[in-house]
Structures are given as structure tokens and as C-alpha cells.
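Geometric and topological summary
Each chain, written out:
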Amino acid sequence: QRHKFWETQPVGQFKDLNDTSLPEGPIEPPTPISEVKQEPYNLPNLYEWVTCDINSEDTCAEVYNLLSNNYVEDDENMFRFNYSKEFLRWALHPPGYYKTWHIGVRVKSSKKLVAFITGIPARIRVRTDVVSMAEVNFLCVHKKLRSKRLAPVMIKEVTRRVHLENIWQAAYTAGVVLPTPITSCQYWHRSLNPKKLIDVGFSRLGPRMTMSRTLKLFKLPDQPATPGFRKMELRDVPAVTRLLRAYLMQFVVAPDLDELDVEHWVLPKDEVVDSYVVESPENHKITDFCSFYTLPSSILGHPTHSILKAAYSYYNVSTKTPLLQLMNDALIVAKHKGFDVFNALDLMHNESFLKELKFGPGDGKLHYYLYNYRIKHILRASELGLVLL
Ligand SMILES: CCCCCCCCCCCCCC(=O)CSCCNC(=O)CCNC(=O)[C@H](O)C(C)(C)COP(=O)(O)OP(=O)(O)OC[C@H]1O[C@@H](n2cnc3c(N)ncnc32)[C@H](O)[C@@H]1OP(=O)(O)O
Ligand SMILES: CCOC(=O)c1cnc2ccc(OC)cc2c1SCCC#N
């Protein structure tokens, strides 16, 4: 089908899919900063650009409300992501972030926030090439302003502002197929609170399964099984950074994280991100770690349940504890914290534990994209080491 906007962009085009003569790497060269468009793109007359300061409580609340009412819903409109304000502050303020990459659109007269898009800087390795990129996320147009070609303007504006910082590549994900995915991942879900998932209509009682049999099937121990399994602390950052850097080297695409990045992205933050290390009881070495982030969803139109508490598998490294046991401990602590479901993508080595730990496949796919960077062959999900929020 015609992608009138995406066909104009430096991204892998469907028509080039089998052309193996095209080299891997940047599609277009950088341009001199002086040649980058200095002024913002034109918006339709009623609207104006605004740079959103997420540190401002009022602005953060406006962004939260826009996303809470207008961001991504599943195909059956059962759920809508409900990123919290503290999560948004975490997601948008990594080391080296640019305020100017947090872009809103307001109605000139009412000042109502009606659209949003963000970028954050990241070093992403593609094979042996470490590239400075923007991770683009939280693209949202108010439901009342859909199908007016606002999204391409939002995308061009964030691209322009990223170019002004001499960055020429980006990484992003979407539930929709666009030109052209570098890989596609499947979501998997592990029930922690099966009764609630059945109540809301996400899960159904299996054939020949009673509710009590179902509760028993998903029951988890009260405590983790691994000796030395404990919450990650600031003092663990150097060891966890070493573990994570070594582990991510095996993937074709992965973030290049230093200690400051690990401190920001992986250190526990209440109601945002949880992380655990295994400290070997005999020599006190950190041998493994696991992490998951908190992303609730609104449950749409349900009489008694309004919020789904979902944990999302983030980065996990096992060097001594079997990954299966490490992830089962993650399920145990997530259940203990009151999550209803533990979600994971089938990237990295996740396939090795999904079925055995009673995850079920979701019906949604998550497609990964690079902007202005061609990959010769589409990757297997297991070659991907990048989790975007
Ligand atoms: C060097 C730096 C480069 C930085 C930039 C890198 C690229 C960053 C790219 C962004 C990454 C974001 C990642 C991210 O945030 C994670 S994916 C979540 C995206 N947000 C949502 O799904 C929220 C609910 N939906 C909406 O708000 C609207 O439907 C949106 C705003 C999605 C589209 O608004 P609309 O009113 O429904 O549609 P029009 O304005 O009429 O525009 C139609 C055009 O938009 C194309 N479209 C639709 N959905 C898209 C999507 N998710 N990515 C990219 N493009 C998307 C579509 O293919 C068509 O183009 P085509 O005609 O060529 O097919
Ligand atoms: C119970 C399992 O489903 C979800 O956790 C969930 C929750 N909220 C969403 C909001 C928007 C949405 O749009 C694609 C999907 C969900 C999903 S399924 C895909 C995410 C995962 N795992």
C-alpha cells in the first residue's frame, strides 16, 4: 500500500527489500548544521509548537493526560497504556537528554495540548558500529485530530531538532507495519492474577478448567528460590554494567550502556523500574541480574476494574543462575508487588523461558525500526538486544 510520507524518508523501502547490493549503514549522509532548516515546520493555522518541560508538574500532568486518554490501545480496545508521570520523567530524562526533543502541539486559542512526540539520545550498536541515535517515542495525536496528516509533521519536526544536534539516525518501535521493520517481536503474557484477567475478558477459562484449577496452575511461591537474590543497589552499578555490556555484545542491535546509563535505566525506582541482582553467598560476586518496568494500562469500559498493573521484562543477564530460575524469581517478586501480569517480548534469550514459565503468546506484534540506517537482512528476534519503553 502507498506510504506517501514514509516513501519520502531515508528508511528501508519495501521495493528495495531484496536488493542485496545496497550497503548496510546510513542511507543519507549528514548535512552541515547550517543547512538544517532553522525554523520549525509549519503547522495548520490553529496550532502552535511548544517545547514540553517534563520537570514542570503542570506540563507533565498535561502530557500524562493527553497520553492517558489518547495513546496506544490494543486492537480490541480493551486496554490503553497509562504511563505514569514519574515513569515519563524517567523515560525522558536519561543522561544527556535534550529538552527541545520533548515536542508538543497546542491549540493557539485554548492552549490545549493536542499532540506530542519525543526523542532521547542513545548510543546504539549495530553489529560493530556504535551510532549516536535518537530513540523516538510517545508519538500521540488527540483522537479528535486523527487522519489529518499531523503525524508526518510531528515526525519531520523531531527529525529537524535531532539534526540540529548533529545526530542523523533514530530507533523506534510501532505496533503497525511501516517501511521497513528490522525485526518483529511477539508479546508474551504470564498471568499473575488470573482471576482479574478472566474478569476483564483478556483470558478465558481453559476447556475442562475450573477457576480453582486455573489459580493453582499460575500459583507462585512466596519467596525467590535463588540464594543471594536481592534488590539492586547503587554499589552494584559497576558490576551490573560489566555484566550487561558483556551480555549485550552477542546481539546484532543493542544499546551501548555505560555506568551512568545503567544507574539511570536499571537502578530501582519506586513504581517505575525494579531490578534484582544475585550476589553469590560465597564470594559476594554479582553473577546475574534481572529487571522489569511498571507500565499500567487503563481497562476500557469495565464496570469494576479500571487499571491493569503490568510488569514488562527489561534487561536480564544470567551467568551462573539458569535464566529459567532467574525469571521465575522475577515472576515471584512481581506477583508479590501486586502486578496482574508479567509481559515479555521474544527478543534476546527470552524464548528459552517463555513457554516453560507459562507465558502465553499475545496477538500483538511489536515492529522495530531504524531511521536512516539500512540493515542488509531482517533480523531474528533473538538477534535483538534493545528494549524500548
Ligand atoms: C535522525 C532522527 C529521526 C527521528 C525520527 C525517526 C522516525 C520516528 C517515527 C515515529 C515513531 C513513533 C514511535 C512511537 O511513538 C511508539 S508507536 C505509538 C504511536 N502512537 C500511537 O499509536 C498512539 C495512538 N495513535 C495516534 O496518536 C495516531 O494514530 C498517530 C499519531 C500514531 C498517527 O496519527 P494519525 O492521525 O493516525 O495519522 P496521520 O497524522 O494522518 O498520518 C498518517 C501517516 O502516519 C504514519 N503513521 C501512523 N502511525 C505511525 C507510527 N506509530 N509511527 C510512525 N508513523 C506512523 C502512517 O503510516 C501515515 O504515513 P504513510 O502515509 O507514509 O503510511
Ligand atoms: C494482559 C496482557 O496484555 C497487556 O498487558 C496489555 C496491556 N495494555 C495494552 C495497551 C495497549 C496495547 O496496544 C498494543 C496493548 C496492551 C497490552 S498487550 C501488548 C503489550 C504487551 N505485552
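In this report, the structure presented in the accompanying data block is examined. Computed from a prediction, not measured in an experiment: that's the story for all the values here.

Analysis parameters
Residues numbered from 1 in each chain as written. Chains lettered and ligands numbered in written order. Predicted model: local features only at pLDDT ≥ 70, side-chain atom pairs only at ≥ 80, totals over all residues. Heavy atoms only, no water. Helix = DSSP H or I, 4+ residues; strand = E, 2+ residues; numbered from the N terminus. Rg over C-alpha atoms; globule rule 2.2 N^0.38 Å. Buried < 20%, exposed > 50% of the residue type's maximum accessible area, 1.4 Å probe, protein only. Contact = heavy atoms within 4.5 Å. Areas by Shrake-Rupley, 256 points an atom, 1.4 Å probe, with all protein chains shown as cover. Lys, Arg positive; Asp, Glu negative; His and termini not counted. Charge placed at Lys NZ, Arg CZ, Asp CG, Glu CD. Polar contact = N/O pair within 3.5 Å; in protein donor to acceptor, adjacent residues only side chain to side chain. Near = heavy atom within 4 Å. Nonpolar A, V, L, I, M, F, W, Y, C, P; charged D, E, K, R; others polar. Salt bridge = Lys/Arg side-chain N within 4 Å of Asp/Glu carboxyl O.

Looking only at helices and strands, one finds nine helices and 17 strands in the chain. Taking 2.2 N^0.38 as the reference for a compact globule, 389 residues should give roughly 21 Å; the C-alpha atoms of the chain span a radius of gyration of 21 Å, in line with that estimate. In terms of its C-alpha atoms, the chain occupies a principal-axis envelope of roughly 60 × 50 × 45 Å. Of all 389 residues assigned to the chain, the portion counted as buried reaches 55%. For the chain, contacts bridging at least 24 residues in sequence account for 75% of all contacts bridging at least 6. In the structure as shown, the chain presents an accessible area of about 18,300 Å², 53% of it carried by carbon and sulfur atoms. Each charge class in the chain was averaged separately, 48 positive and 43 negative side chains, and the resulting centres sit 5 Å apart.

Mapped onto the fold, Asp-274 is located in strand 10 (residues 273-279). Of note is the side chain of Asp-274, whose polar atom sits 2.8 Å from the side chain of Lys-337. The residues contacting Asp-274, other than those within four sequence positions of it, are Cys-290, Ser-291, Phe-292, Thr-294 and Lys-337.

Moving on to the site of ligand 1. Around ligand 1 there are 33 residues in total, and His-3, Trp-6, Leu-139, Ser-147 and Ala-151 lie nearest to it. At a separation of 3.4 Å, an oxygen atom of ligand 1 approaches a polar backbone atom of Lys-4. Between ligand 1 and Phe-138 there is a distance of 3.2 Å, counted from an oxygen atom to a backbone nitrogen or oxygen. In isolation ligand 1 has 1,200 Å² of accessible area, and contact with the protein removes 88% of it. Counting residues per element, the ones that place at least two in the shell around ligand 1 are strand 5 (129-141), helix 3 (150-163) and strand 6 (169-174). No other element matches helix 3, which puts seven residues into the shell around ligand 1. Its residues assigned to classes, the shell around ligand 1 shows 21 nonpolar, eight polar and four charged.

Before going further, it helps to examine the pattern of salt bridges. Note that side chains of opposite charge can pair when their charged atoms are close. Overall, the coordinates contain 25 salt bridges when judged by the stated rule. Two residues, Asp-199 and Lys-195, come together in a salt bridge whose shortest N-O distance is 2.9 Å. With a gap of four residues between them, Asp-199 and Lys-195 both fall in helix 4 (residues 194-199), about one helical turn apart. A salt bridge links Glu-233 to Arg-235, with the shortest nitrogen-to-oxygen separation between them at 2.5 Å. Glu-233 sits in the partly exposed class, given a relative accessible area of 34%. A single network of salt bridges, built from pairs that share partners, joins Arg-123, Arg-245, Asp-256, Asp-258 and Asp-261.

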